[in-house]
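# Observations on the model geometry
Okay, here's what each chain looks like letter by letter:
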Amino acid sequence: MKTTINDESKLKIAERLKPILADQFVLYTKTRNYHWNVIGDMFFTLHIKFEELYNELALDVDETAERIRTYGSNAPGTMSEFLKLSSLKEETAGKYPNQLEMAKNIANDYDLLASRINEIGLKLQKEFGDEITAGKLYSIAERYEKHVWMLKSLFKN
Ligand SMILES: [Fe+2]
C-alpha cells in the first residue's frame, strides 16, 4: 500500500474536491436565502435551523478550499465558478417555496451531497490511497446524512 501521494496525484485529487466545494457553497447560499425568507408556523424552528446549517457549511467550505490549497491547486472562489462546478440547483431568484418545500429542498441537497462525497471518498481511497482526505470526506458525509434524517423528520408522519 502506497503511503505517499505524489504532487501529480495531489493535483488530481484537488480537482475532485472542487465540485464538492462548489456544492457546499451553493447549499450555503440556499440555506441563507431560506433563513431570511422562510414564513409560516415553523418560522422559528426553520429560521434557527437554517442558520445553524449555513454556519456549519461556512466552516465546511473553508475546510474543503484549504484542502485544495494544501494539495497545491487554487481554490475556486467566484460565484460563476461555483455555479459551473456545482451539480446542485440554485433557488430561482425571487421565488420562495413554502416552509416544508424549503426543508425538503435542503434535505434533498444534503442527501445528494452526502452520496456524492462518499463516492468521491471511495475513489480517492482506491485510486490514490488517500485515506486522510477520504476520512475527512466520510466524516462530512456522516454529518450531512444526519441533517437529512432530521430535516425529513419535519415532514414525515
Ligand atoms: Fe440571521
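Structure's up top.
The following refers to the structure shown.

Definitions and limits used
Residues numbered from 1 in each chain as written. Predicted model: local features only at pLDDT ≥ 70, side-chain atom pairs only at ≥ 80, totals over all residues. Heavy atoms only, no water. Helix = DSSP H or I, 4+ residues; strand = E, 2+ residues; numbered from the N terminus. Buried < 20%, exposed > 50% of the residue type's maximum accessible area, 1.4 Å probe, protein only. Contact = heavy atoms within 4.5 Å. Core = buried A, V, L, I, M, F, W, Y, C linked by side-chain atoms within 4.5 Å. Salt bridge = Lys/Arg side-chain N within 4 Å of Asp/Glu carboxyl O. Axes fitted to C-alpha atoms, helices over the stretch in contact; angles between N-to-C directions. Parallel < 35°, antiparallel > 145°, perpendicular 65-115°, else oblique. Left-handed = near helix turned anticlockwise from the far one by under 90°. Nonpolar A, V, L, I, M, F, W, Y, C, P; charged D, E, K, R; others polar. Expected span 1.5 Å × (residues − 1). Bend = angle between axes of the 7 residues up to and from the residue. Polar contact = N/O pair within 3.5 Å; in protein donor to acceptor, adjacent residues only side chain to side chain.

Along the backbone of the chain there are five helices and zero strands. Of the regular secondary structure in the chain, the N- to C-terminal order runs α-α-α-α-α. Here the chain holds 157 residues, and the buried ones make up 43% of them. Within the chain, contacts between residues separated by at least 24 positions form 80% of all contacts whose residues are at least 6 apart in sequence.

In this structure, Thr-29 sits in helix H1 (residues 7-37). Thr-29 sits in the partly exposed class, given a relative accessible area of 29%. It is 8.4 Å that separates the C-alpha atoms of Thr-29 and Glu-90, two residues lying 61 residues apart in sequence.

For the rest of this paragraph, the subject is the side chain of Gln-99. With respect to the secondary-structure elements, Gln-99 resides in helix H4 (residues 99-128). Residue Gln-99 is classed as buried on the basis of its relative accessible area of 14%.

Here the focus is the nonpolar core. In this structure, Phe-50, Ile-106, Tyr-110, Ile-117 and Tyr-144 are the most contacted members of the largest nonpolar core, which totals 41 residues. Listing elements by their share of this core, those giving two or more residues are H1, helix H2 (43-70), H4 and helix H5 (131-154). The element that contributes the greatest number of residues to this core is H4, accounting for eleven residues. Those residues in contact with Tyr-110, other than ones at most four positions away along the chain, are Leu-27, Leu-53, Leu-57, Tyr-144, His-147, Val-148 and Leu-151.

Looking now at the pattern of salt bridges. The final tally for this structure, using the stated rule, is ten salt bridges. Between Glu-8 and Lys-12 there is a salt bridge; the shortest N-O distance is 3.7 Å. Note that Glu-8 and Lys-12 are positioned in helix H1 at a spacing of four residues, about one turn of the helix. Between Asp-111 and Lys-152 there is a salt bridge; the shortest N-O distance is 3.4 Å. A residue pair is termed long-range when its members are at least 10 positions apart, and Asp-111 in helix H4 and Lys-152 in helix H5 qualify at 41 residues. Several salt bridges converge on common partners, so that one network encompasses Glu-56, Asp-60 and Arg-143.

Here the focus is the packing of H1 against H2. Axis separation between H1 and H2 bottoms out at 8 Å; the angle between their running directions is 160°. Classed by the angle they form, the pair H1 and H2 counts as roughly antiparallel. In the packing of H1 onto H2, the handedness of the crossing is left-handed. A per-class count over the contact of H1 with H2 returns 16 nonpolar, five polar and five charged.

Taking 1.5 Å as the rise per residue, H1 with 31 residues should run 45 Å; its terminal C-alpha atoms sit 45 Å apart, in good agreement. Along its length, H1 reaches its greatest deviation from straightness, about 25°, at Leu-17, and the proline Pro-19 lies no more than four positions downstream. At the N-terminal end of H1, a side-chain oxygen is found 3.2 Å from the backbone nitrogen of Glu-8, two or three residues along, and the residue is Asn-6.

Distances and angles like these do not, on their own, reveal function.
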